[in-house]
Amino acid sequence: MKKYAQVQDIVGRLTDNKTFRTFFTLYLMAETTEERQMLNERFWKDAGVLPAVELQLLKAELTRCFLRLPEMAADLLGQAVVKAA
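Attention in this report is confined to the structure presented alongside it.

Conventions and cut-offs
Per-chain numbering applies: the sequence of each chain, read as written, is numbered from 1 onward. Whole-chain, interface and lining totals are the exception, using all residues; otherwise, since this is a predicted model, local features are given only for residues with pLDDT of at least 70 and side-chain atom pairs are given and counted only at 80 or more. In computing side-chain properties, one takes all heavy atoms of the structure into account and sets aside hydrogens as well as water. Starting at the N terminus, helices and strands are each numbered in turn, a helix being any DSSP run of H or I of at least four residues and a strand any DSSP run of E of at least two. With a 1.4 Å probe rolled over the protein chains alone, any residue whose accessible area is under 20% of its type maximum counts as buried; one over 50% counts as exposed, and the rest are partly exposed. Working convention for charge: Lys and Arg count positive, Asp and Glu count negative, and His plus the chain ends are omitted. In plain terms, the charge of a residue is placed at NZ if it is Lys, CZ if Arg, CG if Asp and CD if Glu. Lines are fitted to the C-alpha atoms to define the axes, a helix being fitted only along its stretch in contact, and any angle between axes, read from their N-to-C directions, falls within 0 to 180 degrees. Crossing handedness: left-handed means the near helix sits turned counterclockwise from the far one by under a right angle, and right-handed means the same turn made clockwise. Here, residues are in contact when the closest pair of their heavy atoms is within 4.5 Å. Side-chain classes are defined by residue name, with Ala, Val, Leu, Ile, Met, Phe, Trp, Tyr, Cys and Pro counting as nonpolar, Asp, Glu, Lys and Arg as charged, and the others, Gly among them, as polar. Here, nonpolar core refers to any group of buried Ala, Val, Leu, Ile, Met, Phe, Trp, Tyr and Cys residues whose side-chain atoms link them within 4.5 Å.

Here we take up the overall build of the protein chain. When you go through the protein chain residue by residue, the secondary structure sums to 4 helices and 0 strands. C-alpha extents for the protein chain along the principal axes are approximately 50 × 25 × 20 Å. Each of the 85 residues in the protein chain was classed as buried or not, and the buried ones make up 21%. For the protein chain, the distance from the average site of its 12 positive side-chain charges to the average site of its 11 negative ones is 2 Å.

Next comes the structure, spelled out in structure tokens:
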């Protein structure tokens with residue numbers, strides 16, 4: 001349960017988009033590289049049938065998620081330093 005709670009916290013800070021919250025939760029909870037690869041392939045296969053505008057919005061949200069990662073990483077590093085001190 002602790003891993004799930006941590007994943008939910010990370011995903012919640014990463015995006016408000018329901019699609020990506022679901023995808024990232026499943027992806028981060030997957031236990032093997034093969035599971036992650038299958039999830040990723042299925043996600044983009046499903047996304048490939050979306051209308052062009054929806055696919056563009058999905059890709060834009062993915063970009064926003066990636067742009068949040070450096071700030072989140074810095075925050076986690078700061079928390080780790082405080083706990084280590």
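Let us now look at the packing of helix α1 (residues 2-14) against helix α2 (residues 18-29). Two elements in contact, α1 and α2, have axes separated by 10 Å at closest approach and are oriented at 145 degrees. Between α1 and α2 lies a crossing whose hand is right-handed. Along its contact with α1, which presents Lys3, Tyr4, Val7, Gln8, Val11, Gly12 and Leu14, the element α2 presents Arg21, Phe24, Thr25, Leu28 and Met29. A breakdown of the residues in the contact of α1 with α2 according to their chemical character gives 7 nonpolar, 3 polar and 2 charged.

Moving on: the nonpolar core. With 15 residues, the main nonpolar core has Leu14, Phe20, Phe23, Phe24, Phe43 and Leu58 as its most contacted residues. Leu14 has contacts with Phe24, Cys65, Arg68, Leu69 and Met72, leaving out every residue within four places of it along the chain.

This part takes up the environment of Ala60. Looking at where Ala60 falls in the secondary structure, it is placed in helix α4 (residues 52-84). Residue classification places Ala60 among the partly exposed residues on the basis of a relative accessible area of 29%. Sequence spacing of Ala60 and Leu77 is 17 residues, and the spatial spacing of their C-alpha atoms is 27 Å.

These figures capture arrangement, not role.
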